[in-house]
Amino acid sequence: AVPPRRMDSVLAILDALESPARGGSPGTATALGRGLGVCSTPGCRAVLGESPGTPERPPALTPGQWQLLTELLRHDPATRELGAVLAPDGSTVALGPLLAGIEAGLRSGGFGRPLPTINPPADPLLAVTIAEALGTSFLLAHRGDNATALGPGGCWDDVENPQNYTLTGPPSPVPDPVAIGAMDGVLLGARLARGPLPVAELLRGYYGTGNGSEAGRPPSSYRRRDFGALVGQGRLEKEVAAVLGMLRTLSPSLELLSDMRTQEVAAVARQAAREFSERYVECPAIMPRCLWGARPYRGTPALLQPPLGSVFLHHTLEPARPCKTFATCARAMQDMQSFHQDIRGWDDIGYSFVVGSDGYLYEGRGWHWVGAHTKGYNTQGFGVGIVGDFTATLPDPDTLALVRDELLPCAVRSGHIQPDFTLRGHRQLGDTDCPGNALFQEIESWPGFQ
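Residues numbered from 1 in each chain as written. Predicted model: local features only at pLDDT ≥ 70, side-chain atom pairs only at ≥ 80, totals over all residues. Heavy atoms only, no water.

1. Considering the overall build of the chain
- What the chain contains, in helices and strands, is 16 helices and 10 strands.
- Since a compact globule built from 450 residues should have a radius of gyration of about 22 Å, the 23 Å found for the chain is in line with a globular shape.
- Counting only C-alpha atoms, the chain reaches 70 × 55 × 40 Å along its principal axes.
- The burial tally for the chain puts 55% of its 450 residues in the buried class.
- Of note, the chain has its 38 positive side-chain charges centred 2 Å away from the centre of its 46 negative side-chain charges. (Helix = DSSP H or I, 4+ residues; strand = E, 2+ residues; numbered from the N terminus. Rg over C-alpha atoms; globule rule 2.2 N^0.38 Å. Buried < 20%, exposed > 50% of the residue type's maximum accessible area, 1.4 Å probe, protein only. Lys, Arg positive; Asp, Glu negative; His and termini not counted. Charge placed at Lys NZ, Arg CZ, Asp CG, Glu CD.)

What follows is the structure, encoded as C-alpha coordinates:
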(Lines give C-alpha, C1' and ligand atoms only; values in the text may rest on other atoms or scores of the structure.)
Protein backbone atom coordinates (compact mmCIF):
# COMPACT_ATOMS: atom_id res chain seq x y z
CA ALA A 1 0.00 0.00 0.00
CA VAL A 2 1.14 3.55 -0.75
CA PRO A 3 1.46 5.52 2.52
CA PRO A 4 -0.58 8.72 2.94
CA ARG A 5 0.98 12.01 1.81
CA ARG A 6 1.96 13.08 5.31
CA MET A 7 5.29 14.28 6.63
CA ASP A 8 5.24 11.23 8.93
CA SER A 9 5.39 8.98 5.85
CA VAL A 10 8.41 10.91 4.58
CA LEU A 11 10.10 10.60 7.99
CA ALA A 12 9.62 6.82 7.93
CA ILE A 13 11.25 6.71 4.47
CA LEU A 14 14.17 8.87 5.66
CA ASP A 15 14.64 6.70 8.76
CA ALA A 16 14.99 3.65 6.51
CA LEU A 17 17.33 5.40 4.04
CA GLU A 18 19.58 6.90 6.70
CA SER A 19 19.95 3.84 8.90
CA PRO A 20 23.71 3.30 9.45
CA ALA A 21 23.01 -0.44 9.74
CA ARG A 22 21.89 -0.33 6.10
CA GLY A 23 24.74 1.87 4.91
CA GLY A 24 22.77 5.09 5.00
CA SER A 25 23.98 8.63 5.73
CA PRO A 26 22.58 12.21 5.78
CA GLY A 27 23.33 12.51 2.05
CA THR A 28 21.46 9.35 0.99
CA ALA A 29 18.04 11.01 0.76
CA THR A 30 19.27 14.07 -1.14
CA ALA A 31 21.19 11.95 -3.66
CA LEU A 32 18.08 9.84 -4.21
CA GLY A 33 15.94 12.96 -4.52
CA ARG A 34 18.21 14.38 -7.22
CA GLY A 35 17.91 11.19 -9.22
CA LEU A 36 14.11 11.25 -8.94
CA GLY A 37 13.72 14.82 -10.20
CA VAL A 38 14.51 17.34 -7.45
CA CYS A 39 16.44 20.25 -8.99
CA SER A 40 15.32 19.93 -12.62
CA THR A 41 15.39 23.65 -13.49
CA PRO A 42 18.34 25.32 -15.29
CA GLY A 43 19.38 27.48 -12.34
CA CYS A 44 19.19 24.68 -9.80
CA ARG A 45 21.23 22.35 -12.03
CA ALA A 46 23.85 25.08 -12.45
CA VAL A 47 24.19 25.28 -8.66
CA LEU A 48 23.88 21.65 -7.55
CA GLY A 49 25.02 19.93 -10.75
CA GLU A 50 23.35 17.52 -13.13
CA SER A 51 21.20 14.62 -11.92
CA PRO A 52 23.15 11.44 -11.11
CA GLY A 53 20.72 9.35 -13.17
CA THR A 54 17.48 7.51 -12.46
CA PRO A 55 17.92 5.33 -9.35
CA GLU A 56 16.41 1.94 -8.57
CA ARG A 57 14.41 1.19 -5.44
CA PRO A 58 16.71 0.84 -2.43
CA PRO A 59 16.22 -2.47 -0.55
CA ALA A 60 15.43 -0.48 2.62
CA LEU A 61 12.16 0.85 1.14
CA THR A 62 8.93 -1.06 0.55
CA PRO A 63 7.39 -0.86 -2.94
CA GLY A 64 4.68 1.42 -1.49
CA GLN A 65 7.25 3.78 0.05
CA TRP A 66 9.19 3.86 -3.20
CA GLN A 67 6.06 4.67 -5.19
CA LEU A 68 5.20 7.53 -2.83
CA LEU A 69 8.72 8.96 -2.96
CA THR A 70 8.81 8.72 -6.75
CA GLU A 71 5.47 10.50 -7.08
CA LEU A 72 6.45 13.24 -4.62
CA LEU A 73 9.84 14.03 -6.17
CA ARG A 74 9.18 13.66 -9.90
CA HIS A 75 9.34 17.25 -11.18
CA ASP A 76 6.30 18.26 -13.22
CA PRO A 77 5.92 22.04 -13.69
CA ALA A 78 2.28 21.59 -14.76
CA THR A 79 1.26 19.86 -11.52
CA ARG A 80 3.54 21.21 -8.80
CA GLU A 81 0.96 20.28 -6.15
CA LEU A 82 1.67 16.55 -6.64
CA GLY A 83 4.95 16.99 -4.79
CA ALA A 84 3.30 18.17 -1.56
CA VAL A 85 2.75 16.53 1.82
CA LEU A 86 0.70 17.56 4.86
CA ALA A 87 2.86 18.52 7.85
CA PRO A 88 1.84 18.06 11.51
CA ASP A 89 1.26 21.82 11.91
CA GLY A 90 -1.41 21.72 9.17
CA SER A 91 0.76 23.35 6.51
CA THR A 92 1.28 21.78 3.08
CA VAL A 93 4.93 21.46 2.09
CA ALA A 94 6.42 20.81 -1.36
CA LEU A 95 9.31 18.36 -0.97
CA GLY A 96 11.29 19.53 -4.02
CA PRO A 97 12.51 22.92 -2.70
CA LEU A 98 12.78 21.47 0.80
CA LEU A 99 15.23 18.74 -0.28
CA ALA A 100 17.11 21.12 -2.61
CA GLY A 101 17.70 23.44 0.36
CA ILE A 102 18.79 20.53 2.53
CA GLU A 103 21.34 19.40 -0.11
CA ALA A 104 22.68 22.95 -0.52
CA GLY A 105 23.00 23.25 3.27
CA LEU A 106 24.79 19.92 3.66
CA ARG A 107 27.25 20.68 0.87
CA SER A 108 27.99 24.21 2.05
CA GLY A 109 28.63 22.72 5.49
CA GLY A 110 31.31 20.43 4.08
CA PHE A 111 29.25 17.25 3.62
CA GLY A 112 29.56 16.01 0.04
CA ARG A 113 30.94 17.78 -3.03
CA PRO A 114 31.69 21.49 -2.58
CA LEU A 115 29.28 23.90 -4.22
CA PRO A 116 30.46 25.77 -7.33
CA THR A 117 31.17 29.50 -7.40
CA ILE A 118 28.20 31.15 -9.09
CA ASN A 119 28.68 34.03 -11.52
CA PRO A 120 27.22 36.56 -10.96
CA PRO A 121 27.56 35.82 -7.22
CA ALA A 122 24.41 34.37 -5.68
CA ASP A 123 23.60 32.50 -2.48
CA PRO A 124 23.32 28.80 -3.49
CA LEU A 125 20.80 28.07 -0.74
CA LEU A 126 18.39 30.81 -1.81
CA ALA A 127 18.99 30.11 -5.51
CA VAL A 128 17.83 26.47 -5.35
CA THR A 129 14.91 27.02 -2.97
CA ILE A 130 13.08 30.25 -3.78
CA ALA A 131 15.06 32.80 -5.85
CA GLU A 132 14.89 31.01 -9.23
CA ALA A 133 11.24 29.97 -8.84
CA LEU A 134 10.26 33.46 -7.73
CA GLY A 135 12.21 35.25 -10.48
CA THR A 136 10.87 32.93 -13.18
CA SER A 137 7.29 33.28 -11.97
CA PHE A 138 7.39 37.08 -11.94
CA LEU A 139 9.15 37.17 -15.32
CA LEU A 140 6.29 35.13 -16.80
CA ALA A 141 3.75 37.45 -15.16
CA HIS A 142 5.67 40.50 -16.43
CA ARG A 143 5.54 39.15 -19.99
CA GLY A 144 1.85 38.32 -19.69
CA ASP A 145 2.43 34.55 -19.96
CA ASN A 146 1.01 33.95 -16.49
CA ALA A 147 -1.92 35.73 -14.87
CA THR A 148 -0.70 35.23 -11.33
CA ALA A 149 2.80 34.99 -9.89
CA LEU A 150 2.08 33.58 -6.40
CA GLY A 151 -0.31 31.00 -4.98
CA PRO A 152 -2.89 29.67 -4.75
CA GLY A 153 -3.39 27.45 -1.71
CA GLY A 154 -5.34 24.23 -1.83
CA CYS A 155 -7.15 21.50 0.03
CA TRP A 156 -6.61 17.86 0.91
CA ASP A 157 -9.25 15.22 0.32
CA ASP A 158 -8.85 13.93 3.90
CA VAL A 159 -6.48 15.36 6.54
CA GLU A 160 -6.39 12.05 8.43
CA ASN A 161 -5.42 10.08 5.32
CA PRO A 162 -4.28 12.68 2.77
CA GLN A 163 -3.88 11.30 -0.74
CA ASN A 164 -4.89 14.11 -3.12
CA TYR A 165 -4.16 17.83 -2.88
CA THR A 166 -6.15 20.17 -5.14
CA LEU A 167 -5.27 23.80 -5.76
CA THR A 168 -8.17 26.23 -5.23
CA GLY A 169 -7.39 28.46 -8.21
CA PRO A 170 -5.24 28.89 -11.33
CA PRO A 171 -1.70 27.71 -10.51
CA SER A 172 1.42 29.85 -10.63
CA PRO A 173 5.00 28.49 -10.62
CA VAL A 174 4.98 29.30 -6.88
CA PRO A 175 1.79 27.89 -5.34
CA ASP A 176 1.58 28.02 -1.54
CA PRO A 177 3.15 24.56 -0.95
CA VAL A 178 6.20 25.55 -3.04
CA ALA A 179 6.57 28.82 -1.12
CA ILE A 180 6.31 26.96 2.21
CA GLY A 181 8.69 24.20 1.12
CA ALA A 182 11.17 26.82 -0.06
CA MET A 183 11.07 28.75 3.22
CA ASP A 184 11.56 25.51 5.15
CA GLY A 185 14.39 24.53 2.79
CA VAL A 186 16.15 27.83 3.51
CA LEU A 187 15.76 27.51 7.28
CA LEU A 188 16.80 23.85 7.45
CA GLY A 189 19.58 24.28 4.90
CA ALA A 190 21.00 27.13 7.00
CA ARG A 191 20.94 24.82 10.03
CA LEU A 192 22.79 22.05 8.14
CA ALA A 193 25.41 24.51 6.90
CA ARG A 194 26.55 24.71 10.54
CA GLY A 195 27.14 20.95 10.69
CA PRO A 196 25.62 17.72 9.29
CA LEU A 197 22.71 16.02 10.98
CA PRO A 198 20.54 13.07 9.88
CA VAL A 199 17.78 14.59 7.76
CA ALA A 200 15.07 12.56 9.51
CA GLU A 201 16.21 13.88 12.89
CA LEU A 202 16.28 17.44 11.54
CA LEU A 203 12.76 17.23 10.07
CA ARG A 204 11.31 15.47 13.10
CA GLY A 205 12.57 18.23 15.38
CA TYR A 206 11.30 20.96 13.02
CA TYR A 207 7.83 19.63 12.17
CA GLY A 208 7.07 17.64 15.31
CA THR A 209 5.76 14.11 15.17
CA GLY A 210 2.25 12.83 14.60
CA ASN A 211 -0.26 14.74 12.53
CA GLY A 212 -0.80 17.43 15.16
CA SER A 213 -0.30 15.25 18.23
CA GLU A 214 2.78 17.00 19.64
CA ALA A 215 2.49 18.82 22.97
CA GLY A 216 2.93 22.36 21.68
CA ARG A 217 3.88 24.55 18.74
CA PRO A 218 6.57 23.02 16.52
CA PRO A 219 9.32 25.26 15.09
CA SER A 220 7.70 24.96 11.64
CA SER A 221 4.79 27.14 12.79
CA TYR A 222 7.30 30.01 13.18
CA ARG A 223 8.60 29.71 9.59
CA ARG A 224 7.33 33.13 8.49
CA ARG A 225 8.95 34.94 11.38
CA ASP A 226 12.20 32.96 11.12
CA PHE A 227 12.47 33.27 7.34
CA GLY A 228 11.88 37.02 7.56
CA ALA A 229 14.58 37.36 10.21
CA LEU A 230 17.09 35.26 8.23
CA VAL A 231 16.47 36.60 4.73
CA GLY A 232 14.50 39.87 4.74
CA GLN A 233 12.95 41.59 1.73
CA GLY A 234 16.13 43.45 0.73
CA ARG A 235 18.29 40.34 0.65
CA LEU A 236 15.60 38.38 -1.18
CA GLU A 237 15.42 41.09 -3.87
CA LYS A 238 19.21 40.98 -4.28
CA GLU A 239 19.23 37.18 -4.63
CA VAL A 240 16.35 37.09 -7.15
CA ALA A 241 18.21 39.66 -9.26
CA ALA A 242 21.44 37.63 -8.99
CA VAL A 243 19.72 34.42 -10.09
CA LEU A 244 18.07 36.17 -13.04
CA GLY A 245 21.53 37.43 -13.98
CA MET A 246 22.79 33.85 -13.81
CA LEU A 247 19.88 32.63 -15.96
CA ARG A 248 20.86 35.14 -18.65
CA THR A 249 24.02 33.11 -19.20
CA LEU A 250 22.18 29.77 -19.50
CA SER A 251 20.90 29.00 -22.99
CA PRO A 252 17.48 27.49 -22.04
CA SER A 253 16.49 30.77 -20.36
CA LEU A 254 17.83 33.25 -22.89
CA GLU A 255 14.46 33.70 -24.58
CA LEU A 256 12.77 34.68 -21.32
CA LEU A 257 15.33 37.40 -20.59
CA SER A 258 16.65 38.30 -24.03
CA ASP A 259 14.69 41.52 -24.54
CA MET A 260 14.90 42.81 -20.97
CA ARG A 261 17.15 45.64 -19.87
CA THR A 262 19.01 45.44 -16.57
CA GLN A 263 16.64 47.98 -15.01
CA GLU A 264 13.62 45.85 -16.01
CA VAL A 265 15.18 42.75 -14.45
CA ALA A 266 15.87 44.72 -11.27
CA ALA A 267 12.25 45.92 -11.20
CA VAL A 268 10.99 42.32 -11.56
CA ALA A 269 13.23 41.23 -8.66
CA ARG A 270 12.01 44.13 -6.52
CA GLN A 271 8.35 43.33 -7.19
CA ALA A 272 8.90 39.60 -6.59
CA ALA A 273 10.61 40.17 -3.23
CA ARG A 274 8.01 42.70 -2.10
CA GLU A 275 4.96 40.61 -3.01
CA PHE A 276 6.46 37.40 -1.62
CA SER A 277 7.34 39.13 1.66
CA GLU A 278 3.91 40.70 1.98
CA ARG A 279 2.11 37.42 1.34
CA TYR A 280 4.30 34.83 3.07
CA VAL A 281 6.26 36.75 5.71
CA GLU A 282 4.27 39.78 6.87
CA CYS A 283 0.76 38.28 6.63
CA PRO A 284 -0.34 35.36 8.82
CA ALA A 285 -1.16 31.99 7.32
CA ILE A 286 -4.90 31.22 7.14
CA MET A 287 -6.13 27.64 7.40
CA PRO A 288 -8.98 27.32 4.87
CA ARG A 289 -12.34 25.83 5.84
CA CYS A 290 -11.66 22.65 3.86
CA LEU A 291 -8.55 21.97 5.94
CA TRP A 292 -10.19 22.19 9.37
CA GLY A 293 -13.18 20.14 8.22
CA ALA A 294 -15.95 22.76 7.98
CA ARG A 295 -19.50 21.76 7.17
CA PRO A 296 -21.15 23.60 4.27
CA TYR A 297 -22.76 27.00 4.81
CA ARG A 298 -26.53 26.75 5.20
CA GLY A 299 -28.57 28.94 2.89
CA THR A 300 -27.14 31.77 0.81
CA PRO A 301 -24.42 33.93 2.39
CA ALA A 302 -24.57 37.73 2.07
CA LEU A 303 -21.60 39.57 0.58
CA LEU A 304 -19.63 42.15 2.55
CA GLN A 305 -18.70 45.47 0.94
CA PRO A 306 -14.97 46.05 1.64
CA PRO A 307 -13.07 47.90 2.83
CA LEU A 308 -14.88 47.69 6.18
CA GLY A 309 -14.41 50.21 8.96
CA SER A 310 -14.29 47.97 12.02
CA VAL A 311 -12.75 44.89 13.62
CA PHE A 312 -14.52 43.33 16.62
CA LEU A 313 -12.43 41.18 18.95
CA HIS A 314 -13.86 38.19 20.84
CA HIS A 315 -12.70 35.28 22.94
CA THR A 316 -14.40 31.94 22.31
CA LEU A 317 -14.93 31.13 26.05
CA GLU A 318 -15.54 27.54 24.93
CA PRO A 319 -13.13 25.91 24.50
CA ALA A 320 -11.63 27.69 27.49
CA ARG A 321 -8.08 26.42 26.91
CA PRO A 322 -6.09 27.89 24.03
CA CYS A 323 -5.44 25.35 21.25
CA LYS A 324 -1.74 24.87 20.51
CA THR A 325 -1.75 22.30 17.72
CA PHE A 326 -3.43 21.99 14.36
CA ALA A 327 -5.37 18.94 15.54
CA THR A 328 -6.81 20.63 18.65
CA CYS A 329 -7.55 23.90 16.82
CA ALA A 330 -9.33 22.08 13.97
CA ARG A 331 -11.40 20.17 16.53
CA ALA A 332 -12.26 23.45 18.31
CA MET A 333 -13.42 24.93 15.00
CA GLN A 334 -15.65 21.93 14.29
CA ASP A 335 -17.16 22.10 17.80
CA MET A 336 -17.83 25.84 17.48
CA GLN A 337 -19.44 25.42 14.08
CA SER A 338 -21.66 22.62 15.39
CA PHE A 339 -22.73 24.79 18.34
CA HIS A 340 -23.45 27.81 16.16
CA GLN A 341 -25.38 25.84 13.54
CA ASP A 342 -27.14 23.20 15.66
CA ILE A 343 -27.79 25.05 18.94
CA ARG A 344 -27.86 28.71 17.91
CA GLY A 345 -29.50 27.95 14.57
CA TRP A 346 -27.11 30.13 12.59
CA ASP A 347 -26.14 29.45 8.97
CA ASP A 348 -22.48 28.88 9.83
CA ILE A 349 -19.78 29.47 12.43
CA GLY A 350 -20.27 33.10 13.43
CA TYR A 351 -16.71 34.49 13.40
CA SER A 352 -14.97 35.83 10.31
CA PHE A 353 -11.71 34.34 11.59
CA VAL A 354 -10.59 32.40 14.63
CA VAL A 355 -7.07 32.65 16.06
CA GLY A 356 -5.37 29.57 17.49
CA SER A 357 -2.33 29.59 19.75
CA ASP A 358 -0.66 27.33 17.17
CA GLY A 359 0.40 30.32 15.06
CA TYR A 360 -2.44 30.17 12.53
CA LEU A 361 -5.70 31.90 11.67
CA TYR A 362 -8.66 29.67 10.89
CA GLU A 363 -11.13 30.78 8.24
CA GLY A 364 -14.71 31.12 9.47
CA ARG A 365 -16.95 33.26 7.27
CA GLY A 366 -13.75 34.73 5.82
CA TRP A 367 -13.15 38.05 4.10
CA HIS A 368 -16.18 38.00 1.82
CA TRP A 369 -19.29 36.95 3.75
CA VAL A 370 -21.33 38.63 6.49
CA GLY A 371 -20.77 36.91 9.82
CA ALA A 372 -22.81 36.41 13.00
CA HIS A 373 -20.35 37.66 15.61
CA THR A 374 -21.46 41.13 16.78
CA LYS A 375 -25.25 41.58 16.68
CA GLY A 376 -26.28 44.74 14.86
CA TYR A 377 -22.79 45.32 13.44
CA ASN A 378 -22.06 42.24 11.34
CA THR A 379 -22.07 44.13 8.03
CA GLN A 380 -19.76 46.82 9.37
CA GLY A 381 -16.73 44.81 10.44
CA PHE A 382 -14.93 41.50 10.77
CA GLY A 383 -15.33 39.41 13.91
CA VAL A 384 -12.07 37.86 15.12
CA GLY A 385 -12.28 35.29 17.92
CA ILE A 386 -9.26 34.02 19.86
CA VAL A 387 -9.62 30.45 21.15
CA GLY A 388 -9.71 30.45 24.95
CA ASP A 389 -11.19 32.13 28.04
CA PHE A 390 -9.33 35.39 28.65
CA THR A 391 -11.22 36.66 31.67
CA ALA A 392 -8.21 36.37 33.98
CA THR A 393 -5.29 35.45 31.71
CA LEU A 394 -3.99 36.64 28.34
CA PRO A 395 -3.19 34.70 25.19
CA ASP A 396 0.54 34.08 24.84
CA PRO A 397 2.58 37.00 23.41
CA ASP A 398 3.00 35.30 20.01
CA THR A 399 -0.77 34.99 19.60
CA LEU A 400 -1.35 38.62 20.55
CA ALA A 401 1.35 39.70 18.09
CA LEU A 402 -0.24 37.58 15.36
CA VAL A 403 -3.44 39.65 15.59
CA ARG A 404 -1.99 43.07 16.42
CA ASP A 405 1.15 43.12 14.27
CA GLU A 406 0.29 40.79 11.37
CA LEU A 407 -3.46 40.33 10.82
CA LEU A 408 -4.56 43.96 11.23
CA PRO A 409 -1.81 45.60 9.11
CA CYS A 410 -2.20 42.87 6.47
CA ALA A 411 -5.97 43.42 6.31
CA VAL A 412 -5.39 47.14 5.72
CA ARG A 413 -2.75 46.55 3.05
CA SER A 414 -4.91 44.03 1.19
CA GLY A 415 -7.90 46.38 1.14
CA HIS A 416 -10.19 44.42 3.48
CA ILE A 417 -10.33 47.09 6.19
CA GLN A 418 -9.91 50.85 6.00
CA PRO A 419 -6.57 52.39 7.09
CA ASP A 420 -8.43 54.35 9.82
CA PHE A 421 -10.38 51.30 11.05
CA THR A 422 -11.68 51.11 14.62
CA LEU A 423 -10.99 48.15 16.88
CA ARG A 424 -13.52 47.29 19.58
CA GLY A 425 -14.09 44.52 22.07
CA HIS A 426 -17.41 42.70 21.79
CA ARG A 427 -18.57 44.07 25.18
CA GLN A 428 -18.61 47.62 23.81
CA LEU A 429 -21.43 46.69 21.44
CA GLY A 430 -23.51 44.19 23.40
CA ASP A 431 -24.43 42.85 26.83
CA THR A 432 -21.48 40.49 27.29
CA ASP A 433 -18.18 40.12 29.14
CA CYS A 434 -16.49 39.10 25.85
CA PRO A 435 -13.55 39.26 25.10
CA GLY A 436 -12.77 38.81 28.82
CA ASN A 437 -11.38 41.40 31.24
CA ALA A 438 -7.72 40.56 30.70
CA LEU A 439 -7.91 40.62 26.90
CA PHE A 440 -10.07 43.75 26.84
CA GLN A 441 -7.55 45.65 28.97
CA GLU A 442 -4.79 44.49 26.62
CA ILE A 443 -6.44 45.72 23.40
CA GLU A 444 -7.15 49.16 24.88
CA SER A 445 -3.51 50.01 24.00
CA TRP A 446 -3.68 48.64 20.42
CA PRO A 447 -3.73 50.80 17.29
CA GLY A 448 -7.28 51.63 16.20
CA PHE A 449 -8.90 50.94 19.58
CA GLN A 450 -11.82 53.25 20.37
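2. Some remarks on the domain arrangement of the chain
- One can read the domain layout of the chain as domain 1 (7-282) and domain 2 (308-444).
- Using only C-alpha atoms to locate each centre, domain 1 and domain 2 end up separated by 33 Å.
- Counting residues at the interface gives 16 residues for domain 1, matched by 11 residues for domain 2.
- Both sides together, the interface formed by domain 1 and domain 2 hides about 1,100 Å², and carbon and sulfur atoms give 49% of it.
- Linking domain 1 with domain 2 are 4 residue pairs in polar contact (both at pLDDT 80 or more), by the criterion used here.
- A per-class count over the side of domain 1 that touches domain 2 returns 3 nonpolar, 7 polar and 6 charged. (Domains from an automatic or database assignment. Contact = heavy atoms within 4.5 Å. Buried area = accessible area lost by both parts, 1.4 Å probe. Polar contact = N/O pair within 3.5 Å; in protein donor to acceptor, adjacent residues only side chain to side chain. Nonpolar A, V, L, I, M, F, W, Y, C, P; charged D, E, K, R; others polar.)

3. Observations regarding the UniProt feature "domain: N-acetylmuramoyl-L-alanine amidase" (unreviewed entry) in the chain
- Using the residue numbers shown here, the UniProt feature "domain: N-acetylmuramoyl-L-alanine amidase" (unreviewed entry) corresponds to residues 296-436.
- Helix makes up 25% of residues 296-436 and strand 21%, with an end-to-end C-alpha separation of 30 Å. (UniProt positions renumbered as here; feature names shortened; annotations may be inferred.)

4. Observations regarding the state of the cysteines
- In this structure the tally under the stated criterion is 4 disulfides.
- Across a sulfur-sulfur distance of 1.5 Å, Cys155 and Cys290 are joined as a disulfide pair. Measuring the twist about the S-S bond at about -60°, one finds the Cys155-Cys290 disulfide to be left-handed. One end of the pair, Cys155, is in strand S3 (residues 154-156); the other, Cys290, is in helix H13 (residues 289-292), with 135 residues separating them in the sequence.
- A residue is classified by how much of its surface remains accessible, and Cys155, at 16% relative accessible area, is buried.
- A relative accessible area of 35% means that Cys290 is categorised as partly exposed.
- Linked covalently through their sulfurs, Cys283 and Cys410 form a disulfide whose S-S length is 1.8 Å. Because the torsion about its S-S bond is 100°, the bridge between Cys283 and Cys410 counts as right-handed. (Disulfide = S-S within 2.5 Å.)

5. A closer look at the packing of aromatic side chains
- Scanning the model with the defined rule gives 8 aromatic pairs in all.
- Residues Phe312 and Tyr377 carry aromatic rings whose centres are separated by 6.1 Å and whose planes lie at 65° to one another, so their mutual orientation is edge-to-face. With Phe312 in strand S6 (residues 308-315) and Tyr377 in the loop between strand S8 (361-363) and strand S9 (381-386), this residue pair connects regions lying 65 residues apart in the sequence.
- What makes Phe312 buried here is its relative accessible area of 1%. (Phe/Tyr/Trp six-rings, centres within 6.5 Å; stacked < 30°, edge-to-face > 60°.)

6. A word on the pattern of salt bridges
- Tallied over the full model, the rule gives 19 salt bridges.
- Notably, a salt bridge pairs Arg404 with Glu442, separated by 3.6 Å at the nearest N-O pair. Of this pair, Arg404 sits in helix H15 (residues 397-413) while Glu442 sits in helix H16 (residues 437-443), and the two are 38 residues apart along the sequence.
- Accessibility expressed as a relative area gives 18% for Glu442, which makes it buried. (Salt bridge = Lys/Arg side-chain N within 4 Å of Asp/Glu carboxyl O.)

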